[in-house]
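# Chain and residue survey
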Amino acid sequence: MKKPFDPASARPATRLVHGGTLRSDFGETSEGLFLTQGHVYATAEEAEARFKGTEPGFIYARFSNPTVSMFEERMALLEGAEAAKATATGMAAVNAALFGLLSAGDHIVAAKALFGSNRYIIETLLPRFGVTSTLIDGAELDQWQAAVRPNTKVFFLESPTNPTLEVYDIAAITAIARKTGIRTVVDNVFATPLLQSPLQLGADCVVYSTTKHIDGQGRCMGGAILGSRQFIADHVYQYLRQTGPAMSPFNAWVMLKGLETLAVRVERQTQSAARIADALAELPGVTRVLYPGRPDHPQYELARRQMRGGSTLIAFEVEGGKQGAFRVANALQIIRISNNLGDAKSLITHPPTTTHDRFTPEEKAEMGINDGLLRLSVGLEDPDDLIEDLAQAVHALAWPKEAKYVRL
């Protein structure tokens, strides 16, 4: 008899196609989409056993569903995690990870350079429930150590950061945390599971917006929380079960389809991003390029050690501040203006007026965000077409102010 194939023994690209698959009696090739709110039980005793957790099986779509479970299992295999739980959005994942770990009277230390909604949870939402916070320069290891208090329970960081692509030393930060029993949560969206493995570097929990690269085609929203079985059981499962930020089965099915092509998409996008970053650095009017794969990146050597590629994102600054950045964005023909990222389509955004608009000028400066900053998410178009599009758009900086242009 043929030995069953175990996806856990395979390489990442194979896991992305076959991991976690459950087949019904119909023997479907593609994963089944189970659009059901609940499940029936053969007996009352079986229902009791499932609710007690003494018998495996599905109960209710708010916290368990066959399609969602397939997605969770595949994500865990990809990440090298023991367990994963899916959520409705990436921010639901961040929120659940932090609220599952923190209680009134606790303290959290986080890097200042964060996505706007992440900072909102830490600076505005958590204090309403009695949790205090300290924001630090994430690149300075001594600041992590100095910020620790007796009641510190969590370190939280993004690496690379949104939007300036700073890279933080995850292994060193988690080592500081473990000395005093602090849990470390890493938002790994900009790296993807293919380019960086925070759990292997010592993190306790990894969170994703699966809306980004994992769907990767602008269709559905979702999030994921990954860690050890014990971590998920102790800090995540009941929070999700009782509060209900569940991923829908349809979205989970779309994410499964996205995972099948994730490896080829991220590889192509990362290769293109490296070429485009180099091309941007040569354009007059571009004053700075921030890309972890370039030797002029402030944390280039760390990125080489910690990551398996330079990311699909590029940050760059142009002359003329906000006006200059707007002129460049508006002159682009192929690359579209959007605050999303990780899409098959190349997208550009102006963080100071979108994702980080609510921050004061001083706070933006602390995060390395100036008015001329643009964030580019590189898609699957031909990189030469994207380079030409960026070149002609940057040339718009030299146009007379009254010049007109038309977006196709």
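Below: a short report on this structure.

## Observations concerning the sheet that holds strand β5 (residues 183-187)
Spatial ordering of the open sheet is given by β1-β7-β6-β5-β4-β2-β3, a layout of seven strands whose pairing is mixed. Only two strands of the sheet have a single partner each, and these edge strands are β1 (83-87) and β3 (132-136). The mean angle between the axes of side-by-side strands here comes to 20°, regardless of whether they run parallel or antiparallel. Note: strand β2 (residues 107-111) against strand β4 (residues 152-158), four bridges, orientation parallel. Looking across to β4, one finds that Ile-108 is bridged to Val-154.

## A word on the pattern of salt bridges
Pairs can form between side chains of opposite charge once their charged atoms are near each other. All told, the structure shown has 19 salt bridges when counted by the stated rule. Across the pair Arg-74 and Glu-31 runs a salt bridge whose closest N-O atoms are separated by 2.7 Å. Placement of the pair is Arg-74 in helix α3 (residues 66-79) and Glu-31 in the loop between α1 (12-18) and α2 (44-52), with a sequence separation of 43 residues. The shortest N-O distance in the salt bridge between Asp-204 and Arg-178 comes to 3.6 Å. Here Asp-204, found in the loop between α8 (192-195) and β6 (205-209), pairs with Arg-178, found in helix α7 (residues 170-179); they are 26 residues apart in sequence, far enough to count as distant.

## Remarks on the sheet that holds strand β8 (residues 286-290)
The sheet built from five strands is open, its strands ordered β8-β9-β12-β11-β10 with mixed pairing. Of all the strands in the sheet, the pair left with one neighbour each is β8 and β10 (336-337). For strand β9 (residues 313-318) and strand β12 (residues 373-377), the ladder comprises five bridges, and the chain directions are antiparallel. Its bridge partner lying in β12, Phe-316 is registered against Leu-374. On the sheet, helix α11 (residues 249-281) packs against β8, β9 and β12 and is oriented at approximately 10° with respect to β9. Each of β9, β10, β11 (347-349) and β12 is contacted by helix α13 (residues 321-331), which is oriented at about 125° to β9, the strand it contacts most.

About the cut-offs
- Residues numbered from 1 in each chain as written.
- Predicted model: local features only at pLDDT ≥ 70, side-chain atom pairs only at ≥ 80, totals over all residues.
- Heavy atoms only, no water.
- Pairing = 2+ DSSP bridges.
- Helix = DSSP H or I, 4+ residues; strand = E, 2+ residues; numbered from the N terminus.
- Axes fitted to C-alpha atoms, helices over the stretch in contact; angles between N-to-C directions.
- Salt bridge = Lys/Arg side-chain N within 4 Å of Asp/Glu carboxyl O.
- Contact = heavy atoms within 4.5 Å.

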